[in-house]
Structure formats: C-alpha cells, structure tokens
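Coordinate inspection notes
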Amino acid sequence: MVSVSLCMIVKNEEDVLERCLDSISHLVDEIVIVDTGSTDRTKEIAARFTDLIFDFPWQDDFAAARNESFSHASMDYCMWLDADDVLLEADQRAFLALKDTLDPAVSVVMAPYHTGFDESGRVTFSYYRERLIKNHTGLGWVGAVHEVVTPAGKVFYAGFAVTHRKLRPSDPERNLRIYQAQLDAGKELEPRQQFYYGRELCYHHRWGDALAVFERFLEENRGWVENNIDACCHCSYCHKELGHDQAALAALFRTFTYDRPRAEVCCEIAHWFFRKEKYQQAAYWYALALTCTRDDRRGGFVSPDCYGFLPCIQLCVCCSRLGDQKRAETFNELAASYKPDSPAVRHNRTFFQALPEQTA
C-alpha cells in the first residue's frame, strides 16, 4: 500500500474545512495544512486533525503556496484538496482501493473533479485533474492562478472523484487582479495562463477584451487541443454578447479544425439554430450530439448532460414544433431514461397526454 500526504492551502475556511477533513482524514497517512493568513477559526479546526500546520504569507501566487505545502510532505504521494472539496462515501472506498493497488512507479494520478450539479445532485460539469503526485520527483506547481502540475512519467487514471461543494463565492476580483498585476509588471502569459486570463475576462463580462485574448491565443497556436476547443467556444460566447451572430456560429465550427466534434459543441450549434426557430437544423445537431463518444480522459471540460439528456429533451421540443408529436414523445421518454425526475420530462408528458388522440 502506498502512503499519502494530504496537502492543503487554506485561508478563512472555518465554514467548510471540518467537512472536508472529516471526509478524508481517515484515508490519508499525513495531513499538511499551509495557512496563508486566516483571521477566523481555520487553524483551530485544522489542529483537531493534524499538528502539521504552517504559516505562509500570501504572495498572489497559488503555485507558490501549493509548492510550500508539498515541501512539508513526507509520504509517497502528495494529494491536494481545496477546503470546500469532499470525498463522498463511494469515492472514499475507491480511494482506499487505489492505495492498496497503485503501482509505485506511477508519477501522477488523475481523478475526476465534479464541480457542477443539477437540482438532484447529479454531476453536470466535470474534468480530470492531477490529484496525487509522486513525492520527491521534481514535479511541482506552476501558475499564479489556475495552477497546475503538468503530468509527466507514468500517469494513472483513478476511479475515485473529488466533489467540489462550495458554500460561498470566493473573491470575484482576485484572479483578474493577479493577472492584471502580472501584465502591468511586463510579464508575458504562457499559453495556458493566457487561456485562463481570457476566461476571467468573460466572467467579468469584458467581452471585447476577452475576444481579443482568445483570438491571439488561437492565432499563436501554442495551446493544448482541449483549451483550443474551449477558446473557440468562448469566442462564440463573446461574439454573441457583442451582437456578432454569424461570427458566433463560425467560432463554434472552428472547433472542428482541432478535433472531432464534441457533444458540447454540437449542442451549442444546435442552440444557435434553435434560437432562430430553425428546428430542422437544430434537430440535426442535437442528433449528432447523441452520436458523440464521451471521453473524460481527454482532459477537457465535460458536460455530461450533452451526451444524453440535453439533446433528447431538445429533440423532443424540435420534433413537436415541426409537428411530429409521436417522435417528440419518443425523445421525451429517452430524456427520461437519463433523468426520470426531470421537471421538463414531467411537463412534456402532461402536454402529450392533453393532445387530441389523432395527433398524440
């Protein structure tokens, strides 16, 4: 069995830290807490779980803080979590099984990160993150914001997931402020940071600035394929907000120059036609989304609904508006196979039951 050091950076996390540590403390062999300036009960709560609590002045650099936490680890692997992350019971069992069976030659363990959920708690947004990193291998964090450990050596894809359960918003200005300070200091952002800078500009509805950043990112052609595809999608969002309707569609088609269609992109294209009330074209793209193979290990952001429920429920609407109620009802039941408790499915069933017999 391999040993694991849980390494966390925290600041004013008294509302979530105990929940996080309760879900993981019995699974790891060591807990390292690096506090970057808490003024609440965070360190008091941490002390219930570990004696390894260290102060580290905040430097507007997440990589520096995470590397500091790793520097205190003594076990085979370093595992990171944020204070508002948890391991659910099934994932706790899968994590223990991983510790029992993991090949010590593995350098990086990738695991799903579940960050979006519907009203029933089902995952709506997920992506793989490097979660365990072999200690004393020279692998470390880079990036002041949206920090990352670039996988190297033998990589293993794990079966356990980490669930992100945020209770309150973080400082909405922090990331953009860090990026702006770097740019003001004359620092040139490397491709990944340039990509995330564009996303931060989108979050702040600075559509024109974001579009310029993403266009430059794509023109320089130094990005990872999944970031390129996502950048095209964000270009589309920017064009839409700026009133450039045709350019918004063209940006989505640009994704196909990087790789095969993703269901997420097909659904966005379908929605473009749907908004235009071009239901035949919309139905074509929603149907194409259903043929796309979901591959979380490619590393991009994944919206599971786009690989089943969303195309089905939208095909139901498209077919209904095209006058084919029987086919629409069929797609509604297909949508129900993904989400039996969906309010949209129930609403549609009521609609179909109320139709005259000859058109039902």
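Residues numbered from 1 in each chain as written. Predicted model: local features only at pLDDT ≥ 70, side-chain atom pairs only at ≥ 80, totals over all residues. Heavy atoms only, no water.

Quick notes on the nonpolar core
The tendency in soluble globular proteins is for nonpolar side chains to be buried as a group. Basically, it comes down to this: Only buried Ala, Val, Leu, Ile, Met, Phe, Trp, Tyr and Cys residues count toward a nonpolar core, and they belong to the same one when joined by side-chain atoms within 4.5 Å. Per-residue accessibility, obtained with a 1.4 Å probe over protein chains only, is compared with the maximum for each type, and a residue is labelled buried under 20%, exposed over 50%, and partly exposed between these values. The numbering of helices and of strands both runs from the N terminus, where a helix is a DSSP run of H or I of at least 4 residues and a strand a run of E of at least 2. Contacts are assigned to residue pairs that have any heavy atoms within 4.5 Å of one another.
If you look at the biggest cluster of nonpolar residues, it comprises 72 residues, and the most contacted ones within it are M8, I24, M79, F95 and F160. For this core, the element with the highest residue contribution is helix α7 (residues 207-220), accounting for seven residues. Excluding its chain neighbours within four sequence positions, the residues that come into contact with F160 are M79, L87, D91, A94, F95, L98, A111, P112, R131 and L132. L249, F274, V302 and F352 belong to the second largest nonpolar core, which has 31 residues in total.

Here's the deal with the side chain of R131
Quick reminder of the rule: Just so you know, the count uses Lys and Arg for positive and Asp and Glu for negative, and it drops His and the chain ends. Salt bridge, as used here, is a side-chain nitrogen of Lys or Arg placed within 4 Å of a carboxyl oxygen of Asp or Glu. N or O atoms closer than or at 3.5 Å make up a polar contact, with two conditions inside protein: a donor-capable atom paired with an acceptor-capable one, and, for residues adjacent in sequence, both atoms drawn from side chains.
Within the secondary structure layout, R131 lies in strand β7 (residues 123-134). Of the buried charged residues, R131 lacks a salt bridge, with D85 as the closest side chain of opposite charge at 4.3 Å. Among the polar contacts made by the side chain of R131, one reaches the main-chain carbonyl oxygen of W80 at a distance of 2.7 Å. What R131 contacts, discounting residues up to four positions off in sequence, is C78, M79, W80, L81, D85, V109, A111, Y113, F160 and V162.

A word on the pattern of salt bridges
Summed over the entire model, instances satisfying the criterion amount to 29 salt bridges. Its salt-bridge partner being R222, residue E220 comes within 3.3 Å of it at the nearest N-O pair. Through salt bridges with shared partners, a single network forms among D118, R122, D305, K339 and D341.

Details of the packing of helix α6 (residues 191-203) against α7
Note the following rule: Think of each axis as a best-fit line through the C-alpha atoms, taken over the contacting stretch in the case of a helix, with angles from 0 to 180 degrees between the N-to-C directions. Roughly parallel covers angles under 35 degrees, roughly antiparallel covers those over 145, roughly perpendicular covers 65 to 115, and oblique covers all other angles. Crossings are classed by handedness, with left-handed meaning an anticlockwise turn of the near helix from the far one by less than a right angle and right-handed meaning a clockwise turn. Under the grouping applied here, Gly and all other residues not named as nonpolar or charged are polar, the nonpolar ones being Ala, Val, Leu, Ile, Met, Phe, Trp, Tyr, Cys and Pro and the charged ones Asp, Glu, Lys and Arg.
Where α6 meets α7, the axes come as close as 8 Å, and the angle between the chain directions of the two elements is 160 degrees. As summarised for this structure, α6 and α7 are arranged roughly antiparallel, according to the angle between their axes. As α6 runs across α7, the sense of the crossing is left-handed. Contacts between α6 and α7 pair P191, Q194, F195, Y197, G198, R199, L201 and C202 from the former with W207, D209, A210, V213, F214, R216, F217 and E220 from the latter. In the contact of α6 with α7, the residues fall into ten nonpolar, two polar and four charged.

Let's talk about the pairing of strand β2 (residues 30-35)
Test applied: A pair of strands counts as paired when DSSP detects no fewer than two bridges linking them. A right-handed crossover is one whose linking path, passing over the helix from the first strand to the second, runs clockwise when the strands point away from the viewer.
Where burial is concerned, most of β2 is hidden: six out of the six residues are buried. Residues of β2 alternate between two faces, with E30, V32 and V34 on one and I31, I33 and D35 on the opposite face, all of them buried. Of the pairings in the sheet, the one linking strand β1 (residues 4-10) to β2 comprises six bridges and is parallel in character. Of the residues in β2, the one forming a bridge with M8 is I33. Taken together, β1, helix α1 (residues 17-24) and β2 constitute a β-α-β crossover, and its handedness is right-handed.

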